[in-house]
Amino acid sequence: MKGIDAMDNFDNFLFSGQDCEYLDVETYHRFKTLVEESLIGICIIKNYKLAYMNPKFAETFGYCQDEMIDKDILKLIYHEDIEKVSNNINRKIEGKIRKIQYEFRGVTKKGSVIHLETLGSRVNFHGVPSVLGTLVNISEYKKVKEQLRMAHKVFANTIEGVVVTDSEGNIEWVNPAFTVITGYNAEEAIGKNPRILKSKRHTKEFYKNMWDSLIENGQWQGEIWNRKKGGETYPEWLTISAIRDDRGNVVQYVSIFNDITERIKQEESIKYQANHDALTGLPNRFLYKDRMLATIAHAHRYGEKFAVILLGLDRFKRVNDTLGHASGDKLLIAVAARLSEVLQEDDTVARFSGDTFGIILKEVKNVDKLMFHVNEIFDKLNTPFNIDEHTLHITASMGISLYPLDGIDCEALIKNADTAMHRAKELGTNSYQIYTHSMNEKAHRWLSMENEIHKALERDEFILHYQPQVDIKTGRIVGAEALVRWIHPKSGFVSPGEFIPLAEETGLIIPLGEWVLNRACSQNKEWQDKGLPKILMSVNLSTVQFKNHNLISGVKEILNVTKLSSQYLELEITESNAMLDADFTNKKLCELKEMGIRIAIDDFGTGYSSLAYLSTFPIDKIKIDQSFVKGIPQEKEMMAIVKAIIAMSKSLDIKTIAEGVETKEQIKCLEELHCNEIQGYFYSKPVEPEVFEKLLMSGYIKK
Ligand code: C2E
Ligand code: CA
Ligand code: CA
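All of the points below concern the structure found in this document. None of these values were measured; they are calculated from a predicted model.

Some thoughts on the overall build of the protein
Next up, step 1: Tallying secondary structure elements over the protein gives 27 helices and 26 strands in all.
Next up, step 2: Dimensions along the principal axes, computed over C-alpha positions, put the protein at roughly 170 × 55 × 50 Å.
Next up, step 3: Looking at the 703 residues of the protein, the share that counts as buried comes to 44%.
Next up, step 4: By sequence separation, contacts in the protein at least 24 residues apart represent 57% of the contacts at least 6 residues apart.
Next up, step 5: Total accessible area computed for the protein in this model is approximately 37,600 Å², and 52% of it derives from carbon and sulfur atoms.

Right, here's the structure in full:
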């Protein structure tokens, strides 16, 4: 075969073996240009061989034309598509079809696979039925189409709403999620402006900022409230992106959004839970502090005052212990409701913990106003509560600190109100205390004291003083009350009223109480061994000691070690202590009684319990509290009380002793009322052991 160049090749194509004399030169060139410069690949396949191909055809497969002439066409086809292509060629050649358009995959010179679309027609070429084919490389198109298909699938199935608008903002396309969220279906939305979704929640400025950002950055993202078809507004998280063409002009906007109603609800619920007490629904300590910070800022700015109140329910534990926690919870809920009722809208009431509530009172222009509100709170709580068929009488203790007098920050104000509340509790139930600086000093002293009590026990800094208890008829010393004293190396004498409560709080009362009991018992035994008159030794037991599991065994041990006979030991427990848990008290007292120890009820009359009820306990003696004794014989009311206590005790066969007796008149009066014994400064203050020993030696005291 002669060498065929491109020109021969084309002539071959054009004339197909026919005479070319009828074709003028101009037409020939026009036609040649058309075919040779076509952007579409053109070829003639004769006997499965390439009889002609234009440059585009060769280029599509990565060859030059010369290399391709007479090339086996099937070698250019991807193996999986060979059958399909050869079938189509055959059908054309056999005249079954004239034209056919289809896609197939070809293989380039370098071996890569390309997607092609071809249109083939049957022609006669040099008398042989052949195929005239055109061909386009559609690889790129296929890739883009696939990407589009994927994108469409993703957008159609995403739970996020998608809106595509043109550059003017007319909606062109929406996805199904758009319909689910907004209620507008595609027909209703397409052609409209997204303004159909606009709520009235945002200002013009908001939308202006959004557009500014879109224009400047090509994107806007944020939370926006929109309106559904039904009119309901909802929050959504929205991202709008501008789509630009090659020249940078915006052609479309794509908005993607999701309804964040649930998320916001959840966030709000989490925020609520973090700031509120689960039981009562009141603000908790954190929110309380937040509110206080705001109140401080306001008060600071306008030179105002406000009060911080800590309110603790008195003996709430007793409700829990006797009626159960469920009732206790109901009571707390009811208390919370009443506190909320009594306070102004501007004020805050929060639950701090357990039975403690925190209040911020804003209207405290003067003390009268403050007292008015405080009394309102007391009144509100003092109305009995009906909980589970029980009528509960509740009292509360309040500690008050004032801004800016008692502190200018949350911590100081709360701490000082707390100190004041504890002071109120100490002084008795249903009362309030306003914080003063001296109380703070006291608290400081307390704190440093805790450490020192420890050391004092080690260093033997405690001593016992004894106060005689005298038979009113004979003037004979029948007993001694052991009262502890602390001789502090620096501060000197520290009164038990100061360190006993702290020792109770810290548990140090247990070793201290043991020391006292031990010392008092051995002292009594020493006196007996010296041949002095045998007397009763009274030792005070604190609540903590009384509740301690080791009480009985501890007392037994001390009696054993000191060898004091139990009949010479009397334990004093206060009335309020005895009343805390009647069953427990009864059990413990019986056990002590069985050991032969005597029991006295201290500070009687201060706990408002009935003597008849108390007498169900195995008690030997009632100690009439000093506060009543002080008032006799002048105060009628005190006289009546003391008289009643003595008469009742007599009838119940319980002895009586009057405490704090300081005058002759008191003694005379008590004698007439048939009180059994006397204790007080009139006879003797509590004195050191040596002094007491001398008193005891004579056995009697001046009468
Ligand atoms: P209390 O048991 O009521 O003790 C009587 C208190 O009254 C004693 O105060 C005593 O000094 C005082 N007193 C006695 N006679 C008179 C009087 O005629 N006039 C006046 N105005 N006061 C009188 P003290 O020694 O300061 O003790 C205070 C409280 O400390 C005691 O009250 C008791 O509750 C507690 N305490 C003292 N020693 C101990 C102890 O060893 N253990 C425990 N747990 N508590 C103790
Ligand atoms: Ca006592
Ligand atoms: Ca007493």
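Concerning the nonpolar core
Proteins that are soluble and globular tend to have nonpolar side chains buried together.
Next up, step 1: Among the nonpolar cores identified, the biggest contains 77 residues, and F499, V539, L569, L592, I622, L670 and F692 are the most heavily contacted of them.
Next up, step 2: Looking at which element gives the most residues to this core, the answer is helix α18 (residues 509–529), with 7 residues.
Next up, step 3: Ranked by size, the runner-up nonpolar core spans 33 residues in total, among them F316, V319, I387 and M398.

Some points on the pattern of salt bridges
One side chain can pair with another of opposite charge once the charged atoms of both are near each other.
Next up, step 1: Tallying each qualifying case throughout the model produces 33 salt bridges.
Next up, step 2: One salt bridge connects K623 with E659, and the closest N-O pair in it is separated by 3.8 Å. Placement of the pair is K623 in strand β24 (residues 621–624) and E659 in the loop between β25 (655–658) and α26 (664–672), with a sequence separation of 36 residues. Each member of the pair, K623 as well as E659, is classed as buried.
Next up, step 3: For E672, the salt bridge goes to K668, with nearest N and O atoms at 3.7 Å. In this pair, E672 and K668 are both assigned in helix α26, 4 residues apart and thus about one turn of the helix distant. The pair formed by E672 and K668 is uniform in burial state, with each residue classed as exposed.

Looking at the site of ligand 1
Next up, step 1: Lining the immediate surroundings of ligand 1 are 21 residues, of which Q467, R485, Q626, E662 and Y681 lie closest.
Next up, step 2: Note that an oxygen atom of ligand 1 is positioned 3.2 Å from one of the side-chain N or O atoms of E481.
Next up, step 3: In this structure, an oxygen atom belonging to ligand 1 sits 3.0 Å away from a side-chain N or O atom of D602.
Next up, step 4: Isolated, ligand 1 exposes 790 Å² of accessible area, and the fraction of that covered by the protein chains is 81%.
Next up, step 5: Those elements giving two or more residues to the shell around ligand 1 turn out to be β19 (477–488), α17 (496–506) and β23 (598–604).
Next up, step 6: For the shell around ligand 1, the element with the most residues is β19, which contributes 4 residues.
Next up, step 7: In the shell around ligand 1, the residues fall into 8 nonpolar, 7 polar and 6 charged.

Considerations on helix α11 (residues 285–302)
Next up, step 1: Taking 1.5 Å per residue, 18 residues should reach 26 Å; α11 reaches 25 Å between its end C-alpha atoms and fits that length.
Next up, step 2: Along α11, the residues classified as buried are L287, Y288, M292, T295, I296 and A299.
Next up, step 3: Looking at where α11 begins, the residue whose side-chain oxygen comes 3.1 Å from the main-chain nitrogen of F286 is N284.
Next up, step 4: Looking one or two places after α11, you find G303, whose phi comes out positive at around 65°.

Considerations on the coordination of the calcium ion (ligand 2)
Next up, step 1: Listed as protein donors to the calcium ion (ligand 2) are E481 (OE), N540 (OD1), E572 (OE) and D602 (OD); their distances from the metal cover 2.1 to 2.3 Å.
Next up, step 2: Of note, the donors binding the calcium ion (ligand 2) are all from one chain and are spaced E-x58-N-x31-E-x29-D.
Next up, step 3: You can call E572 buried: its relative accessible area is 1%.

Some words on unusual backbone geometry
Negative phi is the rule for most residues except glycine; trans is the rule for most peptide bonds.
Next up, step 1: Here Y403 and P404 are connected by a cis peptide whose omega angle stands at 0°.
Next up, step 2: Tracing the backbone through its elements, the reader meets P404 in the loop between β16 (396–403) and α15 (410–427).
Next up, step 3: A cis amide bond, omega 0°, links I632 with the succeeding residue P633.
Next up, step 4: A positive phi is found at N47, a non-glycine position, where the angle reads about 55°.
Next up, step 5: If you trace the backbone, N47 turns up in the loop between β1 (41–46) and β2 (49–53).
Next up, step 6: In this structure N47 comes out as exposed when scored by relative accessible area, which is 53%.

Quick notes on the sheet that holds strand β10 (residues 250–259)
Next up, step 1: Across the sheet, 5 strands lie side by side as β7-β6-β10-β9-β8; this open sheet has antiparallel pairing. What marks the edges here is a single partner per strand, and that holds for β7 (171–174) and β8 (219–227). Pairs of neighbouring strands in the sheet enclose a mean axial angle of 25°, with direction left out of account.
Next up, step 2: Relative to β7, strand β6 (residues 161–166) runs antiparallel, the two sharing 3 bridges. If you follow V164 over to β7, its bridge partner there is W173.

Describing helix α2 (residues 25–36)
Next up, step 1: For α2, spanning 12 residues, the distance from its first C-alpha to its last is 16 Å, which sits close to the expected 16 Å at 1.5 Å a residue.
Next up, step 2: Looking at α2, one finds that the buried residues are Y28, K32, V35 and E36. Across the axial projection of α2, the buried residues extend over an arc of 85°, all falling on one side. Opposite the buried face of α2, at more than 90 degrees from it, the exposed residues are E26, R30 and L34.

Conventions and cut-offs
Residue numbers run consecutively from 1 along every chain, following the written order of its sequence. A letter from A marks each chain and a number from 1 marks each ligand, given out in the order of writing. For a predicted model such as this one, the threshold for reporting local features is a pLDDT of at least 70, and the threshold for listing and counting side-chain atom pairs is 80 or more; totals across whole chains, interfaces and linings nevertheless cover every residue. Where side-chain values are given, they derive from all heavy atoms of the structure, hydrogens and water being excluded. Where helices and strands are cited, they refer to DSSP runs of H or I of at least four residues and of E of at least two residues respectively, numbered from the N terminus. The buried label applies to any residue whose accessible area, calculated with a 1.4 Å probe on protein chains only, is under 20% of its type's maximum; exposed applies above 50%, and partly exposed to all values in between. In this description, contact between two residues means that some pair of their heavy atoms is separated by no more than 4.5 Å. What sets the accessible areas is the Shrake-Rupley method with a 1.4 Å probe; for residues, cover comes only from the shown protein chains. By nonpolar core is meant a set of buried Ala, Val, Leu, Ile, Met, Phe, Trp, Tyr and Cys residues that side-chain atoms within 4.5 Å join together. What counts as a salt bridge is simple: a side-chain nitrogen of Lys or Arg found within 4 Å of a carboxyl oxygen of Asp or Glu. Nearness of a residue to a molecule or strand requires only that one of the residue's heavy atoms be within 4 Å of it. Under this definition, polar contacts are N or O atom pairs within 3.5 Å; protein pairs additionally need one hydrogen-donor-capable and one acceptor-capable atom, and for neighbouring residues in sequence, both atoms have to be side-chain atoms. Under the scheme applied, nonpolar residues are Ala, Val, Leu, Ile, Met, Phe, Trp, Tyr, Cys and Pro; charged residues are Asp, Glu, Lys and Arg; polar residues are all the others, including Gly. Expected span of a helix: the number of residues minus one, times 1.5 Å. The donor set comprises N, O and S atoms within 2.8 Å of the metal, extended to 3.2 Å for Na, K and Ca; water molecules are omitted, so apparent gaps in a site may simply reflect that omission. Here the rule is simple: two strands pair whenever DSSP picks up at least two bridges between them. For helices, the axis comes from a line fit to the C-alpha atoms of the stretch in contact; other axes are also lines fit to C-alpha atoms, and the angle between any two N-to-C directions lies between 0 and 180 degrees. By construction, the arc corresponds to the directions joining the helix axis to the C-beta atoms.

All quantities given are derived from atomic positions and should not be read as evidence of function.
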